Amino acid sequence: MELRGNKHAVVIIDMLNDFIGEKAALRCENGEKIVPQIRDLIDFAHGNNIQVIHVQEAHRKNDRDFRVRPVHAIKGTWGSEFIPELTPEEDKGDYVVQKRRHSAFSYTDFDLFCREEEIDTLVLTGVWTNVCVRSTASDGLYHGYNIICISDATASQDDDMHRSGLRDIDIFGDIMTTDEYKEAAKEKFSQSEQENEQAV
């Protein structure tokens, strides 16, 4: 598959203590399985000049979200912190976006940052596929971005929820595996470098 867009960002959504692991308040059990793929994508992005953006749910104590879901990821608590394996590496240019709603775009500076960095394509990973990942994908399309969702680097509570989320996201963009994305990105961005060198 040929990739769209000229500047990509790998987006890691809500890989936090309150979603991942046995002590998580709102545990996404399948989320633990995707940590190696996300780590692989982060390392790939760092090595290929691709922006990495970590999206962090960080609620206020009496957030309206808690009227429909259990209390989780309160700003400043352990539950809202990133899991150790996927801690943002700001020395490598990683950017953190805090949110209180499902979509990374809702009342945050996510869109502003992407436009400042001239990013046109969002490569989505993280949890939950059918909630926060899906919401970010649909809002991304509405904001004019190309959307790529990495199927083996996203997860929900169970496989049915995950597949449902992917079916919806397929309407908004492309679905790829980690290896498929890396292979296509290597080809695309190496070609872009060659074209830039020829133009000089």
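All figures in this text were calculated on a predicted structure; none of them were measured in a lab.

(A) Just the sheet that holds strand β4 (residues 121-127), in detail. If you walk across this open sheet you meet the 6 strands as β3-β2-β1-β4-β5-β6, and the pairing is parallel. Pairing within the sheet leaves two strands with one partner each, and these edge strands are β3 (95-99) and β6 (174-176). The sheet shows a mean angle of 25 degrees between the axes of neighbouring strands, direction not considered. As paired strands, strand β1 (residues 8-13) and strand β2 (residues 51-57) are joined by 5 bridges and run parallel to one another. When the bridges of β2 are listed, Val11 appears paired with Ile53.

(B) Main features of the side chain of Asn30. Position of Asn30 relative to the elements: it lies in the loop between β1 and α1 (35-47). Reaching out from Asn30, the side chain makes a polar contact with the backbone oxygen of Ser156 at a distance of 3.5 Å. Residues within four places of Asn30 in sequence aside, it is in contact with Ala155, Ser156, Gln157, Asp158 and Asp159.

(C) A look at the environment of Val123. Among the structural elements, Val123 can be located in strand β4. Once the C-alpha coordinates of Val123 and Val10 are considered, the two residues, 113 residues apart in sequence, prove to be 4.7 Å apart. With residues near it in sequence (within four places) discarded, Val123 still touches His8, Ala9, Val10, Val11, Ile148, Ile150 and Tyr181.

(D) Structural context of the environment of Ser151. Along the chain, Ser151 turns up in strand β5 (residues 146-155). For Ser151, a relative accessible area of 18% puts it in the buried group. Along the backbone, Ser151 and Thr129 are 22 residues apart, and their C-alpha atoms lie at a distance of 8.9 Å. Once residues within four sequence positions are removed from consideration, Ser151 is found in contact with His162, Leu166, Ile175, Met176 and Thr177.

(E) Examining the packing of aromatic side chains more closely. Scanning the model with the defined rule gives 4 aromatic pairs in all. Between Phe44 and Tyr181, the ring centres sit 6.4 Å apart and the planes meet at 80 degrees, which makes this aromatic pair edge-to-face. Of the two residues, Phe44 is situated in helix α1 and Tyr181 in helix α5 (residues 178-199); the sequence distance between them amounts to 137 residues. An aromatic cluster of at least three residues, connected via ring pairs, comprises Phe105, Phe110 and Tyr145.

(F) Representation of the pairing of β5 in the model. Among the 10 residues of β5, 8 are classified as buried, and the element is accordingly described as predominantly covered. Pairing geometry for β4 and β5, over 6 bridges, is parallel. Each residue of the ladder has a partner; that of Val123, found in β5, is Ile148. With helix α3 (residues 129-142) bridging β4 and the parallel β5, this β-α-β connection has right-handed handedness. One ladder, built from 3 bridges, connects β5 with β6; its direction is parallel. Residue pairing for β6: Cys149 is matched across the bridge by Ile175. Handedness of the β-α-β unit built from β5, helix α4 (residues 159-172) and β6 comes out right-handed.

(G) Up close: unusual backbone geometry. Cis geometry is found at the peptide bond from Val127 to Trp128, where omega equals -20 degrees. Within the element layout of this structure, Trp128 appears in the loop between β4 and α3. Positive phi outside glycine occurs at Asn49, with the angle close to 60 degrees. By the element assignment, Asn49 lies in the loop between α1 and β2. Assessed through its relative accessible area of 75%, Asn49 is described here as exposed. In this structure, Glu118 is a non-glycine residue whose phi angle is positive, near 60 degrees. For Glu118, the location among the structural elements is in the loop between α2 (110-116) and β4.

Cut-off values and rules
- Position numbers for residues count from 1 along each chain, tracking the sequence in the order it is written.
- The predicted origin of the model limits local features to residues at a pLDDT of at least 70 and limits the giving and counting of side-chain atom pairs to 80 or more, whereas totals for whole chains, interfaces and linings rest on all residues.
- Processing note: side-chain calculations cover all non-hydrogen atoms of the structure and skip hydrogens and water entirely.
- Paired strands, as defined in this entry, are two strands with at least two bridges between them according to DSSP.
- Labels follow the DSSP assignment, with helices taken as runs of H or I lasting at least four residues and strands as runs of E lasting at least two, numbered in each case from the N terminus.
- In this analysis an axis means a line fitted to C-alpha atoms, helices contributing only their contacting stretch, and an angle means the value between N-to-C directions, from 0 to 180 degrees.
- Counting of polar contacts relies on pairs of N or O atoms within 3.5 Å, with two restrictions inside protein: one atom must be capable of donating a hydrogen and the other of accepting it, and residues adjacent in sequence are counted only when both atoms are side-chain atoms.
- The contact rule is simple, with two residues in contact once any of their heavy atoms fall within 4.5 Å.
- Relative accessibility thresholds used throughout: buried, under 20% of the residue-type maximum; exposed, over 50%; partly exposed, between the two (1.4 Å probe, protein chains only).
- Under the pairing criterion, centres of Phe, Tyr and Trp rings, with the six-membered ring standing for Trp, must be within 6.5 Å; the plane angle then separates stacked pairs below 30 degrees from edge-to-face pairs above 60, leaving the rest tilted.
- By convention, orient the strands away from the viewer: a clockwise path from the first strand over the helix to the second makes the crossover right-handed.

Keep in mind these numbers describe shape, not what the thing actually does.
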